[in-house]
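# Geometric and topological summary
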Amino acid sequence: MGEPDPGARPRGRRAQRSGPPAGHLPRLVWRKLVHRRATFLRAEARAADHVAPSHPIPAGLRLEVLGPGTFDDVLGSSPHLTATDLERFRARPSWCIVVRDGERIAASSWMTSGAVEVDELARTLPIGAGEHYSCRTWVDPEHRGSALFGHMIAGYAASVPPGDVLWGILLERNVASLASLQRIGWRATGWYRTRWVLGVPRRTEGRHEPRPLLPGRP
């Protein structure tokens, strides 16, 4: 007898068992087409509770805060920023903290308020009086490891009333940003989640007492 043909179709009972396990296809359709979700942590700190990074901004770099008249300077320096973002920032009170390396923008981070559209969650977050929402942060890979994110946020915190609250949302897997914020005083205070079922978003959220963003890490 020759070797069995690996390309031959199985017969009989083997044929009945050759397809996907029972329930596999419906689960696959559910995961890929019917159901998906996004979850973000909420993190925050009062302006007065911010701690500046332990070492200064590297020589040759300088921190600036830009207003609406110079927002266009930032476009093109960050892959996280679009022309639509700039339109939204101009439509409400917003500021951009940048770190310049000469005339080049090496890092940027935005603070805004009002009703903030969060496309990733298909919802709008209300930012109340005395609150500053942090978003669209970018640090050029060449300058990472210099605590520029922490310098931008702590520097901005020093410019607003001490009782104001700075906050934002982050993915749990974004460990580098969580670590940077934890070092300057931010803590986890809640979460936001959106589930899409048949394309319809279902939004939930929760708040809790402040806790470390990364337990067990300084």
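Procedures and definitions
In every chain, residue numbers begin from 1 and rise along the written sequence. Confidence filtering applies because this is a predicted model: local features only for residues at pLDDT of at least 70, side-chain atom pairs given and counted only at 80 or more, and all residues used for totals across whole chains, interfaces and linings. Side-chain figures throughout are based on the complete set of non-hydrogen atoms in the structure, without hydrogens or water. One bridge is not enough; two strands pair if DSSP finds at least two bridges between them. A run of DSSP states H or I qualifies as a helix once it reaches four residues; a run of E qualifies as a strand once it reaches two. Both are numbered from the N-terminal end. An axis is simply a line fitted to the C-alpha atoms; with a helix, the fit covers only the stretch in contact. Between two such axes, the angle follows the N-to-C directions and lies from 0 to 180 degrees. Each residue gets a pLDDT score, which is the predictor's confidence in that residue and runs from 0 to 100. Any two residues whose heavy atoms approach within 4.5 Å are treated as being in contact. Buriedness for pockets is judged along seven lines, at least five of which must meet protein on both sides within 12 Å for an open set on the 1 Å grid over protein atoms alone, while cavities are sets there where a 1.4 Å probe fits but cannot get out, and lining residues have an atom within 4 Å of a point. Grid points are joined across faces, edges and corners, and a volume is the space filled by probe spheres set on the points. Each residue is assigned to one class: nonpolar for Ala, Val, Leu, Ile, Met, Phe, Trp, Tyr, Cys and Pro, charged for Asp, Glu, Lys and Arg, and polar for all the others, Gly among them. Any Lys or Arg side-chain nitrogen found within 4 Å of a carboxyl oxygen on Asp or Glu counts as a salt bridge. Think of it in three bands: with a 1.4 Å probe and only protein chains considered, a residue is buried below 20% of the maximum accessible area for its type, exposed above 50%, and partly exposed in between.

So, on to the sheet that holds strand E10 (residues 200-211). The strand order across the open sheet formed by 8 strands is E2-E3-E4-E7-E8-E1-E9-E10, and the pairing between neighbours is mixed. Each of the sheet's edge strands pairs with one partner strand only, and the pair in question is strand E2 (61-66) and E10. If you compare each strand with its neighbour and ignore which way they point, the axes differ by 25 degrees on average. Sheet analysis places strand E1 (residues 35-46) next to strand E8 (residues 165-170), joined by 6 bridges and oriented antiparallel. When the sheet's bridge partners are listed, Leu-41 is paired in E8 with Leu-170.

Another point: the confidence of the model for the protein. On average, residues of the protein score 89 in pLDDT, and 84% of them are at 70 or above. Contacts from residues 1-21, a stretch scored under 50 in pLDDT, to residues over four places away or in other chains number 2 contacts.

Considered as a void within the structure, the largest pocket measures approximately 1,100 Å³ in volume. Top contributing element to the lining of the largest pocket by residue count: strand E7 (residues 131-139), with 7 residues. Residues belonging to the lining of the largest pocket are distributed by class as follows: 21 nonpolar, 13 polar and 9 charged.

We now examine the pairing of E10. Pairing geometry for strand E9 (residues 187-197) and E10, over 9 bridges, is antiparallel. When the bridges of E10 are listed, Arg-195 appears paired with Arg-202. Where E9 folds back on E10, the antiparallel hairpin that results is connected by 2 residues, among which Leu-198 adopts a positive phi of roughly 55 degrees.

The subject of this paragraph is the pattern of salt bridges. Per the counting criterion, the structure on display carries 17 salt bridges. With a shortest N-O distance of 2.9 Å, Arg-90 and Asp-72 are connected by a salt bridge. One end of the pair, Arg-90, is in helix H3 (residues 83-90); the other, Asp-72, is in the loop between E2 and H3, and 18 residues separate them in sequence. A relative accessible area of 39% means that Arg-90 is categorised as partly exposed. Beyond isolated ion pairs, a larger network of salt bridges with shared partners links Arg-62, Glu-64, Asp-73, Arg-100 and Glu-103.

With that out of the way, let us pick up helix H4 (residues 148-157). Extensive coverage of H4 is indicated by the burial of 9 of its 10 residues. What H4 keeps buried is the set Leu-148, Phe-149, Gly-150, His-151, Met-152, Ile-153, Ala-154, Tyr-156 and Ala-157.

Attention now moves to helix H5 (residues 175-183). Three or four residues apart is the spacing at which side chains of an α-helix point the same way, because the helix has 3.6 residues per turn. Every buried residue belonging to H5 is among Ser-177, Leu-178, Ala-179, Ser-180, Leu-181 and Gln-182, and all of these are buried. Against the buried residues of H5 lie E1, H4, E8 and E9. Once H5 finishes, Gly-185 follows within two positions and takes phi at roughly 115 degrees, a positive value.

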